[in-house]
Amino acid sequence: MKQRFKKLVAIGLAAMMTLSLAACTSGNESSSSSSEEKQTEAGSGKIGVAMPTKDLQRWNQDGENMKKQLEEAGYEVDLQYASNDVATQVSQVENMISGGCDVLVIASIDGESLGTPLKTAEEEGIPVISYDRLIMNSSAVSYYATFDNYLVGQKQGEYIVEALDLDNAAGPFNMEIFTGDPGDNNCNFFFGGAMDVLQPYIDEGKLVVQSGQVTKEEVSTADWSTEKAQARMDAILASNYADKNLDVVLCSNDSTALGVENSLAANYNGEWPIITGQDCDKPNVKNLVAGKQSMSVFKDTRKLAEQTVKMVDAIMSGETAETNDNETYDNGTGVIPSFLCEPTVVTIDNYEEMLLDSGYYTEADIK
């Protein structure tokens, strides 16, 4: 009897353990399925968006467009600006990771400064989209969303060639060069694209850089700062253009162009030069209308935000995102699949169509 009782107890315990194990297994399967569904469902989840600064108009527009479109797609968005401070951006990205972001979209201040937090993101399986500026030397980067930045430089160079009729005019023409922050990988493309077009004319002597400053290191502008560009232009004018005309200034973007224009207004009495730019910032569009800037390369951040949201959707659905360049952008760990939006040249002749009719600005914005 005693043995029979022990046997019944053993059978009962075994049955209970089996039921318990089944329940645990069922619970785990449900949890796993739920987790998998969360990871592969577009339009749900939390997206971290790290922007470099609010000091430049374009990054405010990038951040606002990104947040608006991601939220319209159903995502929760953690948008942070880092005041052009690397340590701040590192901390913000770390907080996005610990705060449960499912995807990170990062426009880096310095393309090589985010190694530690991105390693953590990679270890935790959080995909990273490098936004506009390519993050270097990190295998955590899944995709790169940008404009064709080499083409931006080419368009600036080609505009100068056409405006000065360099293929036919005898010259020489005096030129100065301003590009952006040396820690921004995009500088390599802006400067490289423009100089690939203009260098033959420099070598031929049709374009003369009176300051002698022609290398990227010499013509860089820390933080893309308007004030630093203005100070450098002040020095160039004082040393080289007291008795010479300045014919053209190649500026990689609008913040540096604005510094050049401010300096010219204060220190230069010659014929106003051709000045290039990029981003169609409001003060520069005003200068374009006033004849103080010749062109700006328009990068419609709405289109870039739209493409980035598509990348996020693909990632969250467990699919491969659409790309159109899988050869060009090697960040030191391999080629990063990229989508390049195409920039457009804006001048006095088409600014209304490109900026006002498209709804990018209102007339009040540029008066």
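In this text, all values refer to a predicted model and were calculated from it rather than measured experimentally.

(A) Molecular detail of the pattern of salt bridges. Tallied over the entire structure, the rule returns twelve salt bridges. The salt bridge involving K228 is made with D223; its shortest N-O contact spans 3.2 Å. Among the residues examined, D223 registers a relative accessible area of 33% and is labelled partly exposed. One salt bridge in this structure joins E363 and K367, with 3.8 Å as the shortest N-O distance. According to the relative accessible area criterion, K367 is exposed, its value standing at 70%. Salt bridges here are not isolated pairs; linked through shared partners, they connect R58, D62, D132 and K299.

(B) Representation of the packing of helix α2 (residues 57–72) against helix α11 (residues 301–316). Look at α2 against α11: their axes get within 9 Å of each other, and the N-to-C directions meet at 40°. Classed by the angle they form, the pair α2 and α11 counts as oblique. For the element pair α2 and α11, the recorded crossing hand is right-handed. In this structure, α2 contributes R58, Q61, D62, N65, M66, Q69 and L70 to the contact, and α11 contributes T301, R302, L304, A305, E306, T308, V309 and V312.

(C) A look at α2. Compared with the 22 Å implied by 1.5 Å per residue over 16 residues, the 23 Å span of α2 between its first and last C-alpha is a close match. Those residues of α2 not exposed but buried are Q57, R58, W59, N60, Q61, D62, G63, N65, M66, Q69 and L70. On the buried face of α2, the contacting elements are β1 (46–51), β2 (76–81), β3 (103–106), β4 (128–131), α10 (282–289) and α11. Two residues or fewer past α2, G74 is found with a positive phi of approximately 110°.

(D) Layout of the packing of helix α8 (residues 226–240) against helix α9 (residues 254–267). Two elements in contact, α8 and α9, have axes whose closest approach is 7 Å; the angle formed by their N-to-C orientations is 40°. Of the possible angle classes, the one that applies to α8 and α9 is oblique. Handedness of the crossing formed by α8 with α9: right-handed. Of the residues in α9, those touching α8 at T226, A229, Q230, M233, D234 and L237 are S255, T256, L258, G259, V260, N262, S263, L264 and N267. Residues of the contact of α8 with α9, tallied by class, amount to six nonpolar, eight polar and one charged.

(E) Broad picture of the nonpolar core. One finds I47, V49, L70, V105, I129, Y131 and V312 to be the most contacted residues of the largest nonpolar core, which totals 35 residues. Broken down by element, the residue count for this core peaks at eight residues, all from α11. Not counting residues within four places of it along the chain, the set of residues in contact with V105 comprises I47, G48, V49, A50, M66, I129, Y131, T308 and V312. V93, I97, C101 and I336 belong to the second-largest nonpolar core, a separate cluster that totals 23 residues.

(F) Quick look at the sheet that holds β4. Within the open sheet, the six strands sit side by side as β2-β1-β3-β4-β5-β11. Their pairing is parallel. Looking at which strands have only one partner, the edges of the open sheet turn out to be β2 and β11 (338–341). Taking each pair of neighbouring strands and ignoring which way they run, the sheet shows an average axis angle of 15°. Where strand β5 (residues 141–147) meets β11, four bridges bridge the pair, whose relative direction is parallel. By the bridge assignment for β11, F147 is matched with C341.

(G) Focus on the sheet that holds strand β8 (residues 248–251). Pairing is parallel across the open sheet formed by four strands, whose spatial order is β7-β6-β8-β9. Edge positions in the sheet fall to β7 (207–208) and β9 (274–275), since each of these pairs with one other strand and no more. One ladder, built from two bridges, connects strand β6 (residues 173–178) with β7; its direction is parallel. Its bridge partner lying in β7, N174 is registered against V208. This element, helix α6 (residues 186–204), spans β6, β7 and β8 of the sheet and lies at about 160° to β6.

(H) Broad picture of unusual backbone geometry. The peptide bond linking G171 to P172 adopts the cis configuration, its omega dihedral lying at -5°. Its place among the elements puts P172 in the loop between α5 (149–164) and β6. Positive phi outside glycine occurs at N84, with the angle close to 55°.

(I) Representation of the pairing of β3. A two-sided burial pattern is seen for β3, the buried positions comprising V103 and V105 on one face and L104 and I106 on the other. Pairing geometry for β1 and β3, over four bridges, is parallel. In the sheet register, G48 faces β3, and the bridge partner there is L104. Where β3 lies against β4, three bridges are found, and the strand directions are parallel. In the strand pairing of β4, L104 is matched with V128.

Rules used throughout
Residues numbered from 1 in each chain as written. Predicted model: local features only at pLDDT ≥ 70, side-chain atom pairs only at ≥ 80, totals over all residues. Heavy atoms only, no water. Salt bridge = Lys/Arg side-chain N within 4 Å of Asp/Glu carboxyl O. Buried < 20%, exposed > 50% of the residue type's maximum accessible area, 1.4 Å probe, protein only. Axes fitted to C-alpha atoms, helices over the stretch in contact; angles between N-to-C directions. Helix = DSSP H or I, 4+ residues; strand = E, 2+ residues; numbered from the N terminus. Parallel < 35°, antiparallel > 145°, perpendicular 65-115°, else oblique. Left-handed = near helix turned anticlockwise from the far one by under 90°. Contact = heavy atoms within 4.5 Å. Expected span 1.5 Å × (residues − 1). Nonpolar A, V, L, I, M, F, W, Y, C, P; charged D, E, K, R; others polar. Core = buried A, V, L, I, M, F, W, Y, C linked by side-chain atoms within 4.5 Å. Pairing = 2+ DSSP bridges.

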